[in-house]
Amino acid sequence: MSDAHESSAPPAPSASAPRSFWRGLAPWLALILCLAVPPFIWPQSWLLAYLAQTATMIVFALSYNLLLGETGLLSFGHAAFSGLGALVAAQVFNRVGVPLVLLPLVGGIGGALCGVLFGFISTRRAGTAFAMITLGLGELVAAAAWTLPDWFGGEAGVAIDRASGAPWGSWSFGPAREAYALIAGWCLLACVAMFALSRTPFMRVANAVRDNPVRAAAIGCYPRRIRCGVVVASAFFAGIAGTLALINVELVSTESVSMVRSGAVLIATVIGGTAVFFGPVAGAAVLTFFSVAVASVTRAWPFYLGLFFIMVVVISPDGLAGFAQRHSARVAAHGWRRCRAAYLWGMAAALLWTAAIVLTVQWAYAAQFGVDDGAALGGTGGMGALRWLRASPLGLGGAVLMLAALGGLPAHYAIRAQALLAARRSSASPATGDAR
Amino acid sequence: MIPALALYGVEKRFGSTQVLRGVDLAVQPGERHALIGPNGAGKSTLFNLIAGGARPNAGRIDLFGAEITRLAPAAITRRGLARSFQSTSVFARLSVFDNLRCAALLAERDRTRWWQRFSGSRTVDARAAQVLDAVGLSARRQVLAGTLSYAEQRALDLGIALAGGAHTLLLDEPTAGMNRAEAARAIELIRETTAGRTLLMVEHDMDAVFAIADRISVLVQGRIIASGTPAAIRADAAVRAAYLGEGFGT
Amino acid sequence: MQSFVINLLNGVSYGLLLFMLSAGLTLIFSMLGVLNFAHASFYMLGAYVGFSVAARAGFWSALVVAPLIVGLIGAALERWLLRRVRAHGHLAELLLTFGAAYLLGELVKLGWGLSALSATLPAVLDGPLFTVYGTAFARYRAFMMVVSLAMLCALYAVLCVSKAGLIVRAALTHASAVEALGHNVPRVFTGVFAAGTALAALAGVIGAPLFVIEPGMAESLGSIVFVVVVIGGLGSLGGALAASLLVGCVQTLAVASNLSLGEVLSMFDASLPAEWDALTLAQLAPLIPYLLLVAMLALRPRGLFGRRDDHV
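So, how was this worked out
- Residues numbered from 1 in each chain as written.
- Chains lettered and ligands numbered in written order.
- Predicted model: local features only at pLDDT ≥ 70, side-chain atom pairs only at ≥ 80, totals over all residues.
- Helix = DSSP H or I, 4+ residues; strand = E, 2+ residues; numbered from the N terminus.
- Rg over C-alpha atoms; globule rule 2.2 N^0.38 Å.
- Buried ≥ 20, exposed ≤ 12 C-beta atoms within 10 Å, placed from the backbone.
- Contact = placed C-beta atoms within 7 Å.
- Nonpolar A, V, L, I, M, F, W, Y, C, P; charged D, E, K, R; others polar.
- Pairing = 2+ DSSP bridges.
- Domains from an automatic or database assignment.
- Expected span 1.5 Å × (residues − 1).
- Axes fitted to C-alpha atoms, helices over the stretch in contact; angles between N-to-C directions.
- Parallel < 35°, antiparallel > 145°, perpendicular 65-115°, else oblique.
- Left-handed = near helix turned anticlockwise from the far one by under 90°.

## Structural notes on the overall build of chain B
What chain B contains, in helices and strands, is ten helices and ten strands. The C-alpha radius of gyration computed for chain B amounts to 18 Å, which stays within 12% of the reference 18 Å derived for 250 residues, consistent with globular compactness. Overall, chain B is about 55 × 40 × 35 Å in size when its C-alpha atoms are taken along their principal axes. Relative to its 250 residues, chain B shows a buried fraction of 45%.

Below, the structure is given as structure tokens:
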């Protein structure tokens, strides 16, 4: 990650400075608005819980990106840091009674201490070996949480009571609103801190270690020390994320260190995009959408998530953020009118094929799991047509095929329009070493 | 006078293949020393050993009298020895300026304070800007290093080696892949930027070698067969037979 | 002590099963440079497909058909997805296999439901083979060992002796040169990937009667296989064998023992609070592979037979 942009001709300095300032500020404003405004418009507990989960995931994914995006370290056991940090925070809260406002900091320090220990072990190797080591360590912590007595409070986990801590002004943090305000506030604080960290020379050196470890060693850095340092920083923020989750549900259990959680943050970060700072934020929003919103409608949500993940990795490995960047650059270069055709056809094809996939998947899940899914489908407004489709597989198959075929037509036009655009681009710009 | 870089009886074996069979070399401070020889003679291996990327099976390497034989590459760099690479090795996803800033931050002889890794340092930035000018890449300051042209990347590679303020430089085939004009420019650049520093250079381009070198050593089959001034090397019969060929020079 | 020999043999058979998995994984890694995160998922898929085939056509045809089907699926994955992602680097490939593992888990749940299935043994393989001091060694375990060793020998023969193996070994380090000689290297890669996954499926069919078939089997065994590969040294088949046997024996012996942690520690004159002492080795058995990993990393980071990495 760097503050440089693609090597298209730089725009005139005087016009670009305020524009790029606003462009840089926009994601921050969007984040603040999304976290702060909805609770006032729809003051309902499910929305607060959803936003709290999103905020927690945002911090978690950003901490993960310190490892993956900035230093090139793929970790399969990141939940160990967040869960253990939350455990430390819970035990400290219950025994010592730290004010709830400062509890995320305690969790962060707990996570960082685990980061020192695990980082020392896991950074003895790099690359693929590092990933496997984190897998082993993550499994160790997850298995130990089930096996070893009492340190994780047994099967019930360690619970806290938010309201039992010292009050902050008139707030006791018992009500969900107050807890959410604390969580959202800490989320923003952590985001700002990680953004500042990502601008430091230390992170540039971590980027150098990511890009070319041999050369990094040749210019005077010890790659292992840098990697250890990043693991500790990442574990600190993961501990904060874990504590935010603790504050939200008032419980830390074996689920907090599970491999499912580690996998979830990996999926969120990759979907969002690792090359842009706000990529993981988008990925966290997408993951929470799937795991809460879609999950409340159908039990097939993990399937859709997995499918979406694979699509992102194959079609746009730099994630949603990278996809957005590339295409907004293209629209800026060619103008909206010329690009319009390609994008509209593309969207039409995507919608049709998505409909075909959803129908197939929902039918398959209904066939296997019967009752539950039937309720979900039938309950959404009593769609008679859907019920008929479910009843007759042949009709369903026909519908799916028709949708797939229909989707092929706009796809064909979209590809043609893309080719036109590409041809126009290569004829318009002289061959002065265009980027990539 | 203590040589800037001294090798005593350095040997290296890969499996059963003996690549270096006892290399003795001395480079004086401020000298521009070229290392030539046929392919497979062991030149890149020797560079790797000096810079700490591998360990010799026997022998000793000294930097200004202090032994550096078994040190890690980072430790050697911090003592003031920097290298460039035969196949261009830059940090592709960092900007040109950040490439130089990292090199300047890490290898400064008067060590930067640790907190400057987080707060930034004006001296480091100034040094990086100075090297940026010296290698002629000021116009490409914010460009990602991976998108530079080949010649620009070679210049950046040299800049990274220079940015740390090293007093001794190892340059591995700096004009590889360049045509005559580019190579001449590259040699000029090297001559300007390494004024006053010690330089050990591996090269195949004989014009470049004879243009810049004060002394030349010839490495053939893992041994130095001759070492001296360019004129002496040109006239040496053994060198002619092994490498230069009869039709070269006088 | 009577059962020690039997437990050791059981451990060896479990270790050989682990080796079947880790050998395929090591081959794919050495060949394609990508660690196939979905390897254990193919093992699981092999077990499920073998179960369905065995229900219709018997155990022996399942032994042949299931690996074929899963090998085809693996070939399809490599040909259409992995190859497209290869241009983006090893990290993208690893992420794709991670996604494939996730999706395969969901597909298995979709196809066969959530509950555990139990495979049936053919009558000829059921029952004890011999007894040592009163404890029996199961016939099926012996069958498992025989198949593992046969597969090992076949693999060795193909790789080291045959022409196809020669091409594969050459393409390992000099893919473009081999391609210039006229061999279809991408097809070789697909073939190796398919062979690796077919091997995993075979291990699944064979291992299924010993362990219960359930959707979580990929995750639990998969982590152990990856740990085994790291302990043995990434890219080394000999290391994979040694580490598989080590982990298999230690874990089986721990599960079979009646010792508690307190008793073990008292041998070193140490002790822990009461609740920790009461933990039996059998309860700690799931942790053992990971503890071995930590110990190996502390003592010898490159693994048992791994090459020494560059210092970075």
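## Here's the deal with the interface of chain A and chain C
Often, the extent of an interface is quoted as the loss of accessible area upon association of its parts. Listed by partner, the interface residues are 37 residues for chain A and 39 residues for chain C. If you list the elements that add at least two residues to the side of chain A that touches chain C, you get α6 (128-147), α9 (213-218), α11 (259-272), α13 (301-315) and α15 (336-369) of chain A. Broken down by element, the residue count for the side of chain A that touches chain C peaks at twelve residues, all from α6 of chain A. Looking at side-chain class alone, the side of chain A that touches chain C contains 28 nonpolar, five polar and four charged residues.

## Observations concerning the pairing of strand β7 (residues 168-172) of chain B
Residue and element names in this part refer to chain B. Burial analysis of β7 places five of its five residues in the buried class, which makes it a mostly covered element. Of the strand pairs in this sheet, strand β6 (residues 81-83) and β7 are connected by three bridges, and their pairing is parallel. Looking at β7, one finds that Ala82 is bridged to Leu169. Note: β7 against strand β8 (residues 198-202), five bridges, orientation parallel.

## Examining the domain arrangement of chain A
The domain boundaries assigned to chain A delineate domain 1 (26-316) and domain 2 (335-425). Taking only C-alpha atoms into account, the centre of domain 1 of chain A sits 34 Å from that of domain 2 of chain A.

## Remarks on helix α12 (residues 279-293) of chain A
All names here are of chain A. Relative to the 21 Å expected for 15 residues at 1.5 Å per residue, α12 spans 20 Å between its end C-alpha atoms, a close match to the ideal helical length. With respect to burial, α12 is a largely interior element, eleven of its 15 residues being buried. Within α12, burial applies to Gly279, Pro280, Val281, Ala282, Gly283, Ala284, Ala285, Val286, Leu287, Thr288 and Phe290.

## Considering the sheet that holds strand β2 (residues 17-27) of chain B
All names here are of chain B. Across the sheet, four strands lie side by side as β2-β1-β4-β5; this open sheet has antiparallel pairing. Of all strands in the sheet, those with a lone pairing partner are β2 and β5 (66-67), marking the two edges. Bridge count between strand β1 (residues 5-14) and β2: eight bridges; the pairing is antiparallel. Across the sheet, the residue bridging to Phe14 is Thr17, located in β2. Strand contacts of helix α1 (residues 43-51): β1, β2 and β4 (58-63), with the helix running at about 65° to β2, the strand carrying the most contacts.

## Overview of the domain arrangement of chain B
Residue and element names in this part refer to chain B. Its domain assignment divides chain B into domain 1 (1-78 + 168-178 + 197-250) and domain 2 (81-166). A straight line from the C-alpha centre of domain 1 to that of domain 2 covers 25 Å. On the side of domain 2, 14 residues touch domain 1, which itself brings 17 residues to the contact. When residues of the side of domain 1 that touches domain 2 are assigned to their parent elements, the largest contribution, five residues, is made by β7.

## Considerations on the packing of α6 of chain A against helix α14 (residues 288-299) of chain C
Between α6 of chain A and α14 of chain C, whose axes approach to 9 Å, the crossing angle comes to 135°. The pairing of α6 of chain A with α14 of chain C is recorded here as oblique in orientation. The interaxial crossing formed by α6 of chain A with α14 of chain C has left-handed handedness. Residues Ile133, Gly136, Glu139 and Leu140 of chain A of α6 of chain A touch α14 of chain C, and the partners they reach there are Tyr290, Leu293 and Leu297 of chain C. Of the residues assigned to the contact of α6 of chain A with α14 of chain C, the class counts are five nonpolar, one polar and one charged.

## Here we look at the sheet that holds strand β9 (residues 215-220) of chain B
Residue and element names in this part refer to chain B. The strand order β6-β7-β8-β3-β9-β10 describes an open sheet built from six strands, whose pairing is mixed. Each edge of the open sheet is held by one strand with a lone partner, namely β6 and β10 (223-228). On average, each strand axis in the sheet is inclined to that of its neighbour by 15°, with strand direction left out of account. On the sheet, α1 packs against β3 (32-36), β6, β7, β8 and β9 and is oriented at approximately 150° with respect to β7.

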